[in-house]
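If you want the building blocks of each chain, they are given just below.
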Amino acid sequence: MKRTTPASAPAPPAYAPERPEERKTAVTRERARGKAGRKPILRAAVRGAIGAMAMSGFRQAMVALSAIERVPPESMLRRVVPSLFHRVPSRRRPALVEFAHWAYGAAGGAAFGLLPRAVRERPWAGPLYGVLIWGAFEGGLAPVVGLTEEKSHDPVERLVFLVDHLLYGVVVAASPWPHHDIPVAEDDRRGR
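The rules we used
Residues numbered from 1 in each chain as written. Predicted model: local features only at pLDDT ≥ 70, side-chain atom pairs only at ≥ 80, totals over all residues. Heavy atoms only, no water. Helix = DSSP H or I, 4+ residues; strand = E, 2+ residues; numbered from the N terminus. Buried < 20%, exposed > 50% of the residue type's maximum accessible area, 1.4 Å probe, protein only. Core = buried A, V, L, I, M, F, W, Y, C linked by side-chain atoms within 4.5 Å. Contact = heavy atoms within 4.5 Å. Patch = residues over 30% accessible without salt bridge, like charges linked within 9 Å, V, L, I, M, F, W, Y side chains within 5 Å. Areas by Shrake-Rupley, 256 points an atom, 1.4 Å probe, with all protein chains shown as cover. Salt bridge = Lys/Arg side-chain N within 4 Å of Asp/Glu carboxyl O. Expected span 1.5 Å × (residues − 1). pLDDT = per-residue confidence, 0-100. Axes fitted to C-alpha atoms, helices over the stretch in contact; angles between N-to-C directions. Parallel < 35°, antiparallel > 145°, perpendicular 65-115°, else oblique. Left-handed = near helix turned anticlockwise from the far one by under 90°. Nonpolar A, V, L, I, M, F, W, Y, C, P; charged D, E, K, R; others polar.

Student: Explanation requested: unusual backbone geometry in the structure shown.
Tutor: Trans is the common state for peptide bonds, and a negative phi is the common state for residues other than glycine. A positive phi angle is found at serine 66, which is not glycine, with a value near 65°. Counting through the fold element by element, serine 66 comes out in the loop between α2 (39-64) and α3 (72-80). Under the relative-accessibility criterion, serine 66 is labelled exposed at 63%.

Structure representation (structure tokens):
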């Protein structure tokens, strides 16, 4: 026996299919969630490179003022990869030193981006991170690669390196663009 329904009441579908715009929004949200985990790391890496650039500018000013003699990235390259350092023409070595420092800064920034958001957002997190990076270099990396004999114990030089690492930390922890790490839903953007 066949069941019939009145013409005025359509039969309900077995499932309620998503409208195309709902499906698109759900896919967009899912992609945004996956990218959201990478964004703080990528943003912090970019800020790390920018922080290293700021440090480089500060250090060049300090070299010009005779507060420091040689910057640590140059000493590191001379010690760790001497063949590469000496293969580069002397007029191009400053660029090699800068690019290596920026890459190191980007790696340090990415590591900052791995920290929990609750830590990254603290006002003291960036400056403390910069000082910890300096301490890790001074106490760990420099002795391993043999830079301890080249290190100066001049208090002015120590102060310069403390200040430039504080600067690095401030830049690394700066407010990310576009002002937050959490992706904004399309509905929220339209409501602003």
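Student: Any chance you could explain the nonpolar core here in plain terms?
Tutor: Grouped burial of nonpolar side chains is what soluble globular proteins tend to show. Core analysis: the largest hydrophobic core is formed by ten residues, namely Met62, Ala67, Ile68, Val71, Leu77, Phe85, Val97, Trp134, Val160 and Phe161. Excluding residues that lie within four positions of it along the chain, isoleucine 68 makes contacts with Arg59, Met62, Val63, Glu157, Val160 and Phe161. Counting residues in hydrophobic clusters, the runner-up holds seven residues, among them Ala125, Tyr129, Ile133 and Val172.

Student: Looking at this model, I keep getting lost on a nonpolar patch on the surface. Mind explaining?
Tutor: Together, Val119, Trp124, Leu128 and Leu132 line one region of the surface with nonpolar side chains, adding up to about 380 Å² of accessible area. Topologically, tryptophan 124 is positioned in the loop between α6 (117-120) and α7 (125-145).

Student: Whenever I open this one, helix α5 (residues 93-113) confuses me. Can you help?
Tutor: For α5, which comprises 21 residues, the first-to-last C-alpha distance of 30 Å matches the rise-based estimate of 30 Å (1.5 Å per residue) to within 8%. Every buried residue of α5 is accounted for by Arg93, Val97, Glu98, His101, Gly105, Ala106, Gly108, Gly109, Ala110, Phe112 and Gly113. The elements touched by buried residues of α5 are α2, α3, α4 (82-87), α6, α7 and α8 (155-172).

Student: Is there a simple way to think about the confidence of the model for the protein chain in this case?
Tutor: Low-confidence regions, as indicated by low pLDDT, have predicted coordinates that should not be scrutinised in detail. This prediction gives the protein chain a mean pLDDT of 78; 68% of its residues lie at or above 70. At the level of individual helices and strands, the protein chain shows its lowest average pLDDT in helix α9 (residues 186-191), which scores 51, and its highest in α5, which scores 93.

Student: Looking at this structure, how should I read the packing of α5 against α7?
Tutor: The geometry of a pair of packed helices is captured by two quantities: the angle between their axes and the separation between those axes. Two elements in contact, α5 and α7, have axes whose closest approach is 12 Å; the angle formed by their N-to-C orientations is 125°. By the angle between their directions, the pair α5 and α7 is classed as oblique. Judged by the sense of rotation from one axis to the other, the crossing of α5 with α7 is right-handed. Contacts between α5 and α7 involve Tyr104, Gly108, Ala111 and Phe112 on the former and, on the latter, Ala125, Gly126, Tyr129, Phe137 and Leu141. Across the contact of α5 with α7, the residue classes break down as seven nonpolar, two polar and no charged.

Student: Would you take a moment to explain the pattern of salt bridges for this structure?
Tutor: If the charged atoms of two oppositely charged side chains come close together, the side chains can form a pair. In total, this model carries five salt bridges according to the counting rule given. Between aspartate 164 and arginine 59 there is a salt bridge, with its nearest N and O atoms 2.3 Å apart. Note that aspartate 164 is positioned in helix α8 and arginine 59 in helix α2, a separation of 105 residues in sequence. Residues aspartate 164 and arginine 59 agree in their burial class; the two are buried. Three or more residues joined by partner-sharing salt bridges are found here, namely Glu138, Glu157 and Arg158.

Student: Quick question: what am I supposed to make of the environment of tryptophan 102 here?
Tutor: Mapping tryptophan 102 onto the fold places it in helix α5. In the structure, tryptophan 102 is positioned 48 residues away from alanine 54 in sequence and 9.8 Å away in space, judged by C-alpha atoms. The residues touching tryptophan 102, leaving out its near neighbours within four places in the chain, are Ala49, Ala52, Met53 and Ser56.

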